[in-house]
Amino acid sequence: MSIVVQTLSEQIFSLIRDRIISGRIPVDTAIRQDALAAELGVSKIPLREALARLEQEGLLISQANRGFFVRPLNADEVEEVYALRLKLEPDAVGEAAKVATDADRKAARAALDELDVAVSGDKTQVGRLNRAFHMALIRPLHRQVTIQIIERLNIICERYVGKHLEPAGRDDRAHNEHSALLELWSAGKSDEVSALMRQHIAMTLDDLRKQFETEKTAKSA
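Thresholds applied
- Residues numbered from 1 in each chain as written.
- Predicted model: local features only at pLDDT ≥ 70, side-chain atom pairs only at ≥ 80, totals over all residues.
- Heavy atoms only, no water.
- Helix = DSSP H or I, 4+ residues; strand = E, 2+ residues; numbered from the N terminus.
- Rg over C-alpha atoms; globule rule 2.2 N^0.38 Å.
- Buried < 20%, exposed > 50% of the residue type's maximum accessible area, 1.4 Å probe, protein only.
- Contact = heavy atoms within 4.5 Å.
- Areas by Shrake-Rupley, 256 points an atom, 1.4 Å probe, with all protein chains shown as cover.
- Salt bridge = Lys/Arg side-chain N within 4 Å of Asp/Glu carboxyl O.
- Phe/Tyr/Trp six-rings, centres within 6.5 Å; stacked < 30°, edge-to-face > 60°.
- Lys NZ or Arg CZ within 6 Å of the ring centre and 35° of its normal.
- Expected span 1.5 Å × (residues − 1).
- Bend = angle between axes of the 7 residues up to and from the residue.
- Polar contact = N/O pair within 3.5 Å; in protein donor to acceptor, adjacent residues only side chain to side chain.
- Core = buried A, V, L, I, M, F, W, Y, C linked by side-chain atoms within 4.5 Å.
- Pairing = 2+ DSSP bridges.

Undergrad: I'd love a proper account of the overall build of the chain, names of residues and values included.
TA: A count of helices and strands for the chain gives nine helices and two strands. In sequence order, the chain lays out its α and β elements as α-α-α-β-β-α-α-α-α-α-α. In summary, the chain has a C-alpha radius of gyration of 18 Å against a globular reference of 17 Å for 221 residues, a match within 12%. By principal-axis analysis of the C-alpha atoms, the chain measures approximately 55 × 55 × 30 Å. Counting only residues that meet the buried cut, the chain has 43% of its 221 residues in that class. The long-range share in the chain, meaning contacts at least 24 apart out of those at least 6 apart in sequence, stands at 71%. Of the roughly 12000 Å² of accessible surface on the chain, a fraction of 53% belongs to carbon and sulfur atoms.

Here's what the structure looks like:
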């Protein structure tokens, strides 16, 4: 059993990240660094390090003389990020299925089980655990550049995963799709799991397009 020791900056990063994902930090309100540092009982140096990392991950944006703000979800980013995932992820998953070991399959099963638990309980963790499951299907590929790029795209998608699951019934559909992906992948069915992953990502993109369009129409009404 390995012990993971987080630095103070990493702990702050994780805490603020969870607040952003859960919506506890509003999009249109500047993060008050003095107040947040006092609340957490830390100095502003590790706090700034955490905020800079959150900006690198696409969760925050900084504005001159105004500070850090939560980056708004937007339809253009959805199109860009999911289009890139469609180009890379299905083929990577298919290739990984050919070389996955029993240990890899066990890890992927554990990742899906953990995601299912979060869906029924702590929804603030769903985006992160959804990413963990998707990456468990890719890591056996052992192509570090490919893995890093796909993980970066999945990190950006975490908040969109939460948005996608807002309508009733989406949890069940996602579970069924993930279970089918895991079954095909575990059986080494490369072409089939690649095709299903492409469909899975494309359907999510289509759903998000409709959600953003509905919101846009409601605002202009």
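Don't stop here, the text continues.
Undergrad: Give a description of the pattern of salt bridges that names residues and reports values.
TA: The full count for this structure, using the stated rule, is 19 salt bridges. The salt bridge partner of Glu 158 is Arg 17, with a shortest N-O separation of 2.4 Å. Highlighted residues: Glu 158 in helix H7 (residues 144-164) and Arg 17 in helix H1 (residues 8-22), separated in sequence by 141 residues. The exposure class of Arg 17 is buried, given its relative accessible area of 6%. With its nearest N and O atoms 2.9 Å apart, the salt bridge here joins Asp 34 to Lys 44. Separated by ten residues along the polypeptide, Asp 34 in helix H2 (residues 33-40) and Lys 44 in helix H3 (residues 44-56) bring together distant segments of the chain.

Undergrad: Give me the lowdown on the packing of aromatic side chains, citing residues and values where you can.
TA: All chains considered together, the criterion is met by one aromatic pair. Ring geometry for Tyr 160 against Phe 212: centres 6.3 Å apart, planes inclined by 55°, an arrangement best described as tilted. Placement of the pair is Tyr 160 in helix H7 and Phe 212 in helix H9 (residues 190-220), with a sequence separation of 52 residues. No difference in accessibility class separates Tyr 160 from Phe 212, as the two residues are buried. Note that Arg 53 overlies the ring of Phe 13, its terminal NZ or CZ placed 3.7 Å from the centroid. The positively charged end of Lys 163 is found above the aromatic ring belonging to Phe 212, 5.0 Å away from the centroid.

Undergrad: With reference to specific residues and values, describe helix H4 (residues 75-99).
TA: Taking 1.5 Å per residue, 25 residues should reach 36 Å; H4 reaches 36 Å between its end C-alpha atoms and fits that length. Helix geometry: H4 is bent most strongly at Leu 86, by close to 35°, with proline Pro 90 lying one to four residues after it. When we look at burial in H4, the residues that qualify are Glu 77, Val 78, Val 81, Tyr 82, Arg 85, Glu 89, Pro 90, Ala 92, Val 93, Gly 94, Ala 96 and Ala 97. The secondary structure elements touched by the buried residues of H4 are helix H6 (126-136), H7, helix H8 (170-186) and H9. Between a side-chain oxygen at the N-terminus of H4 and the backbone nitrogen of Asp 76 the separation is 3.2 Å; the capping residue is Asn 74.

Undergrad: Just give me the short version of the nonpolar core, but keep the residues and values in it.
TA: Counting 42 residues, the largest nonpolar core has Tyr 82, Leu 137 and Trp 185 as the members making the most contacts within it. Listing elements by their share of this core, those giving two or more residues are H4, helix H5 (102-120), H6, H7, H8 and H9. Residues Ile 16, Ile 21, Leu 47 and Val 70 belong to the second largest nonpolar core, which totals 18 residues.

Undergrad: Before we move on, can you summarise the pairing of strand S2 (residues 67-70) with the specific residues and values?
TA: Inspection of the sheet shows strand S1 (residues 60-63) paired to S2 by four bridges, in the antiparallel sense. Opposite Gln 63, over in S2, you have Gly 67 as the bridge partner. The turn linking S1 back onto S2 is made up of three residues, and Asn 65 within it adopts a positive phi angle of 65°.

Function cannot be inferred from these measures alone, as they are strictly geometric.
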